[in-house]
Each structure stands twice: as C-alpha cells, then as structure tokens.
Amino acid sequence: MKRFLYLIIIICPLFLFSQSNEDCLTCHGEKDFSIQHGVKKRNLYVNEDIIKASIHKDLDCINCHTSLEKSDFPHESKLPPVRCGLCHEKEEKEYNESLHGRALKRGDLLAPNCKDCHGAHNVLSPKDPNSNVTPIKIPFLCGKCHREGAPVQIQREIPQDRIIENYTESIHGEGLLKKGLIVSATCTSCHTAHHILPHTDPQSTIARVNIAKTCSKCHAEIEFVHQKIIKGELWEKEVHVLPACVDCHQPHRVRKVYYELGLSDKDCLKCHGKKEIKSSSDGRSLFVEVGEITSSAHTRIACAQCHSEASPLHKRPCESIKNKVKCENCHEGIGQEFIRSRHGQLLLAKDPNAPECKDCHGRHHVLKRTAPSSPTFPINIPSLCAKCHREGEKAAVRYKGPEKDVVKHYVESIHGKGLLKSGLTVTATCTDCHTPH
C-alpha cells in the first residue's frame, strides 16, 4: 500500500502537470499513431531525431503546445494551433501586418502560416543548408505559391508575372543558383521575410520612396553613385521626378543592362533612330545615329542616364525632358572647373558665343582623347580651338587684347611644328598651357 501511494504521489503530478517530451512520444513516437480527421486519417507521428536536430531541440513540447501545460494525460484530440509569437513577438507583429497575415485573418485558404515556410518540428536555422529558409532555397520556397500556374498565381491578383522564371535569369538569381553566392539577393532581401507589403503601401520596402534604401542594403554606394549620375537625392524628395531603381532595372529580372521598361536605348531609338524625326518647336533634327553611340566612349551608358529627366511613367518617356544634358552629373570635378573658367562664365551669362561640352567633345559620338579621330586627340586640338580663336572667328573678333594670329603663330612655333609636322603627340598644345576646362 505504501509503495502504491508513493507511485501515485510521484507519477500523477508528472502526468498531470509536467509532461516531458518522453511522455508525448509515448504515443507520438509510434509511426502508425493517427486519428480520424473527417473522412481521412491524420498521422500524428513525430520523429524524435528530427526534433533533436532542430533549432528548438532544447524546448519541451509543452513550450510550444502551451494548452497542454495543465491538461490531463492523454490530452484532447483537437488542440488549438501553436502560436509562434509567444517567443517570436516581433516576427508575429510583422506577419500580422503583412499581406500573408491579413489573408490568413480573413480566412484565405491559400494564406501561408509559420509552419508552411519554416516547418513544424523540423525548424532549422537559416544558416543550416537543410533549412527551408536557407538563402539558396528561398526562391523555391516562395516559388511553391508564386510560380506560374500555382494556385496563388492563378487565383490572386499579383501585378508581376513569371516572377520565379525572371528571378532565375537575373543577376541575383544567377549569382545564387549558378554560382552559389548566398549573399546574392533573394525574395526576402527585397520583400523582407515577414513584413511583406504591397508596393502601394508607404511602409513597404518596395514602395517607390523606399526602393533606393532597400537596394542600398547590398549596393552600399549605389545611391551615392546615382547622386552624381542622375541627382539621386531627388528620389526621396520629389517622387516621380527621377527614376527609381526598378524603373530602369526590372524588379525580378535585374541585370547590368537597361531592360524594355520605357527607358531602354531600344525604346528611345524607336523614334530617334528615324532620320526624318525633327523637333516640333524649332525643326532641328533629333535623329541619333546608332553607330555613333556604339563606337563612343559612352557605349555602356544608357540614354536615360544622360537624359535623366526621361520617365517611364509617360507614354513617350522623353516628353518629360525640359533641360539640356548636364555632363557634370558624372564629370563633377570637370564641371566645377568649367563653370569657374572664362567659357563657363560666358555660358552662365547666356552668351551665344559661349562653348558647351558638346562643342568640343561632340554629342553622341564622344570619343576618348586617346582616339586619333577624337576632336580632343592632341593633333586635333589646335584645329578644335581654332574654330573659335582663328582670326575672324567669333572668339577672335570679341578679343580686344594684344595677341593676334594666335593659331597661325602656334602652327609656326616649335610646339606646332613638333605636333603638326613631326606628329609628336607629347608636344605642348593649347590645353597644356591653358588647361582643357
């Protein structure tokens, strides 16, 4: 009797109030353990080895299945779902605010919950190669719902199509899936893991005003570069004035080139590649010779990087262009030198005789000064400057100083003979003494 009472005192509280994993596995450790769930049988087997390998290996079953803490043993067959937010409070809050969380709340059967992405008992760290959420598996995880033909893609209104296909072809997808670079951007890098919001929500990481910040998490200097190229600081100050990253680089098919989104060179040349195209205001030709661009020093620069006011939001992206190209957006230091110069001061004063960048370097056929056919190649510099400074030309006419026949004297000088007769390109030219800008 004493021994019986002792067992009752020791064992009953164990079963009633302090169930261990071993207690749970008494039933759930049996491979054929199941219950009737409607017309089907639901298997409730839990592999103990999977639990021991998971990130939750140090927890007890009742730490997650909290309704069992004070229940009888064995427990009721129907239990409330596990609430991961008891430990992961921040993630739960973000999820509840997200598209997925809202869909679940309204009873959408296609809405994913925690276990759909992370697993139930087999939850592993993202650093574990076998984890569902390790970077290299993220595209396939999201692809379960978002690939073409999946129920979510078919039944829900999602603006983008061929998302997974496009991602695999992108520079990010290639880096991750072909080269195994797990630092490459995945779906969660841009959309976040739990706080997934539509691009129309100002809090979303993919909202237009936040795109630059999202991209710069990986491309740390990219906004600084764009500030020099297309005055990127206006992204945050004036929405739609200048393009955001995704205007030029397709959201899921990001590569090193401009794609057909209204700002590619191909789009521009649909009109500007026609010889008959003219300006409606002054009748000047707007034709652009493709060969001039492809053979220029700017061959890797897209039209919209120079003509930065172009916007894909318009039917004709160039109709939003109001100002001339600003070369100083890229050539900042040179631009500052030029503005301080006599030429720059005349340009600021809107003098019709003032030279601009294009007068010396050309428009679309800008060549490096090392190219023999470039206007700024050493042998060509005297002729270039002579266009204005030769006797009778506009610069020589307005000059009232003592120097006359400047170009003629240079040609007869030791420098001129060395350059023009002997072809010594190291000989001093106009820019060596006066500087180029």
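This text gives an overview of the structure that appears in the document. Just so it is clear, the model here is predicted, and its values are computed rather than measured.

Counting its secondary structure elements, the protein contains 27 helices and 2 strands. In the protein, which comprises 437 residues, the share counted as buried stands at 27%. In the protein, once contacts between residues fewer than 6 apart in sequence are set aside, the share between residues at least 24 apart is 45%. Taken as a whole, the protein presents about 29500 Å² of accessible surface, with 57% of it coming from carbon and sulfur.

Attention now goes to the pairing of strand β2 (residues 40–43). In the case of a regular strand, side chains alternate between the two sheet surfaces. In this structure, strand β1 (residues 34–37) lies alongside β2, joined through 4 bridges in antiparallel fashion. For H37, the partnering residue across the bridge sits in β2 and is K40. Between β1 and β2, which pair antiparallel in sequence order, lie 2 residues; one of them, G38, sits at a positive phi of approximately 70 degrees.

Time to look at the pattern of salt bridges. A full pass over the atoms with the stated rule returns 14 salt bridges. K90 is paired through a salt bridge with E94; the nearest N and O atoms lie 3.0 Å apart. With K90 and E94 both in helix α5 (residues 89–97), this residue pair falls 4 residues apart, about one helical turn. Here K90 falls in the exposed class, since its relative accessible area comes to 56%. A network of salt bridges, in which partner residues are shared, links K324, E356 and K358.

Of note, the phi angle at R162 is positive, near 50 degrees, even though the residue is not glycine. With respect to the helices and strands, the residue R162 is situated in the loop between α9 (151–155) and α10 (163–169). In this structure R162 comes out as partly exposed when scored by relative accessible area, which is 38%. Its identity as a non-glycine residue notwithstanding, T192 has a phi of 70 degrees, on the positive side. Among the residues examined, T192 registers a relative accessible area of 19% and is labelled buried.

Parameters at a glance
- Every chain begins its residue count from 1, and numbering advances along the sequence as written.
- Local features in this predicted model are restricted to residues of pLDDT 70 or higher, and side-chain atom pairs are both shown and tallied only at a pLDDT of 80 or more, whereas totals for entire chains, interfaces and linings draw on every residue.
- Neither water nor hydrogens contribute to the side-chain values; these are computed over all heavy atoms in the structure.
- A helix here means a DSSP run of H or I that spans at least four residues, while a strand means a run of E at least two residues long, and both kinds are numbered starting from the N terminus.
- When accessible area is computed with a 1.4 Å probe and restricted to protein chains, residues below 20% of their type maximum are described as buried, those above 50% as exposed, and intermediate ones as partly exposed.
- Any two residues whose heavy atoms approach within 4.5 Å are treated as being in contact.
- The method behind every accessible area is Shrake-Rupley, applied with a 1.4 Å probe, and residues are considered shielded solely by the protein chains displayed.
- Pairing between two strands is assigned when DSSP locates at least 2 bridges connecting them.
- Within this document, salt bridges are pairs made up of a side-chain nitrogen of Lys or Arg and a carboxyl oxygen of Asp or Glu, the two lying within 4 Å of each other.

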